Amino acid sequence: MQNKTEWATIGKIVALFGVRGELKVLPLTDIPDRFISLKAVHVSTDGHTFKRCTITSVRPYKGEMLLVKLEGIASANDAEALRGQSLWIPESELAQLPPDSYYQHDILGLKVYTLSNQEVGQIVDLFPTGGNDVYVVRTPERKEVMIPAIKTVVRQIDVLRGVMYIDPLPGLLDDEAVLDNSNEEDEEGQDEFGVE
């Protein structure tokens, strides 16, 4: 059953809080009250093996953080064992998004092309900057390009085909704008495209 279920990550456990097993969680969703409305989450480090955990309480913490209490996690040692793990829900439980809005897991992995069909690379990461998200694209030469998630640059997203078409701003794909990570080894804010 777990192999047939599609999963979406909605948070990451970044630390423990106190001695009673509360967890500091960084939400990876912009949907208000996402955790408050959930009865359970699934914990996983690898995205393949999931353990269901009932949520017993959720409260806001500094900034974007949340303090989450899971049933059966009663001590600092229990909580520490979960540090770094991701919180997941089945994709079937995801909220419906408006048209032209996408979840992070929809965007990660997309192949990026210019409107003239020149391959730019593959999206390997994304991060919010305040005004809009930025997509990190790894080129075939293993360099990184930062693509702003704005409508004047990102012209089409086709999740089913796994592609994104961009109309790069002048200088965006110049050598000076590309970060060289070719020596590195391989290793999830709502913007104009509604990425959650």
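Keep in mind it's a predicted model, so treat the numbers as computed, not measured.

**Student:** Give a detailed account of the packing of aromatic side chains, specifying residues and quantitative values.
**Tutor:** Applying the stated criterion to the full structure yields 4 aromatic pairs. Ring centres of Trp7 and Phe50 lie 4.0 Å apart, and the angle between their planes is 15 degrees; this geometry places the pair in the stacked category. With Trp7 in strand S1 (residues 7–17) and Phe50 in the loop between strand S3 (40–44) and strand S4 (51–60), this pair connects stretches of sequence that are 43 residues apart. Both residues of the pair, Trp7 and Phe50, belong to the buried class.

**Student:** Any details on the pattern of salt bridges? Residues and values, ideally.
**Tutor:** With the rule as written, the count across this model stands at 5 salt bridges. In this structure, Arg59 engages Glu22 in a salt bridge whose closest nitrogen and oxygen atoms are separated by 2.8 Å. You can see Arg59 sitting in strand S4 and its partner Glu22 sitting in strand S2 (residues 22–27), a full 37 residues away along the chain. Taking the shortest distance from any N to any O, the salt bridge between Arg155 and Asp167 comes out at 3.4 Å. A residue pair is termed long-range when its members are at least 10 positions apart, and Arg155 in strand S11 (residues 154–158) and Asp167 in the loop between strand S12 (163–166) and strand S13 (179–180) qualify at 12 residues. Classification of Asp167 by relative accessible area gives partly exposed; the value is 32%.

**Student:** Explain the environment of Arg34 residue by residue, including any values.
**Tutor:** Along the polypeptide, Arg34 turns up in helix H1 (residues 34–37). According to the relative accessible area criterion, Arg34 is buried, its value standing at 8%. The residues touching Arg34, leaving out its near neighbours within four places in the chain, are Ile10, Thr29, Ile89, Glu93, Leu94, Ala95 and Tyr103.

**Student:** Give a detailed account of the pairing of strand S5 (residues 66–70), specifying residues and quantitative values.
**Tutor:** Buried residues dominate S5, accounting for 5 of its 5 residues. Burial along S5 is two-sided: Leu66, Val68 and Leu70 facing one way and Leu67 and Lys69 facing the other are all buried. Where S2 meets S5, 3 bridges bridge the pair, whose relative direction is antiparallel. Its bridge partner lying in S5, Val25 is registered against Leu66. By the bridge criterion, 5 bridges tie S4 to S5 in an arrangement that is antiparallel.

**Student:** If you had to explain the sheet that holds S3 to someone new, which residues and values would you point to?
**Tutor:** Here we have 6 strands rolled up into a closed barrel, ordered S1-S2-S5-S4-S3-S6, and antiparallel in their pairing. On average, each strand axis in the sheet is inclined to that of its neighbour by 50 degrees, with strand direction left out of account. When S3 meets S4, the two strands line up antiparallel, connected through 4 bridges. The residue bridging His42 from the neighbouring strand is Arg52, located in S4.

**Student:** Please provide a residue-by-residue account of the nonpolar core, values included.
**Tutor:** Among the nonpolar cores identified, the biggest contains 21 residues, and Val41, Leu70 and Leu87 are the most heavily contacted of them. Taken together, the elements giving at least two residues each to this core come down to S1, S2, S3, S4, S5 and strand S6 (86–90). Residues in contact with Leu87, not counting those within four places in the same chain, are Ala8, Thr9, Ile10, Gly11, Ile13, Val25, Phe35, Val41, His42 and Val43. Listed in part, the 19 residues of the second largest apolar core include Ile150, Val153, Val154 and Leu172.

**Student:** Residues and numbers for the pairing of S1, please.
**Tutor:** Relative to S6, S1 is paired through 5 bridges, and the arrangement is antiparallel. In the sheet register, Lys12 faces S6, and the bridge partner there is Ser86. Following S1, the chain reverses through 4 residues before pairing antiparallel with S2; Gly18 in that reversal takes a positive phi of roughly 75 degrees.

Cut-offs used in this document
- Residues numbered from 1 in each chain as written.
- Predicted model: local features only at pLDDT ≥ 70, side-chain atom pairs only at ≥ 80, totals over all residues.
- Heavy atoms only, no water.
- Phe/Tyr/Trp six-rings, centres within 6.5 Å; stacked < 30°, edge-to-face > 60°.
- Helix = DSSP H or I, 4+ residues; strand = E, 2+ residues; numbered from the N terminus.
- Buried < 20%, exposed > 50% of the residue type's maximum accessible area, 1.4 Å probe, protein only.
- Salt bridge = Lys/Arg side-chain N within 4 Å of Asp/Glu carboxyl O.
- Contact = heavy atoms within 4.5 Å.
- Pairing = 2+ DSSP bridges.
- Axes fitted to C-alpha atoms, helices over the stretch in contact; angles between N-to-C directions.
- Core = buried A, V, L, I, M, F, W, Y, C linked by side-chain atoms within 4.5 Å.

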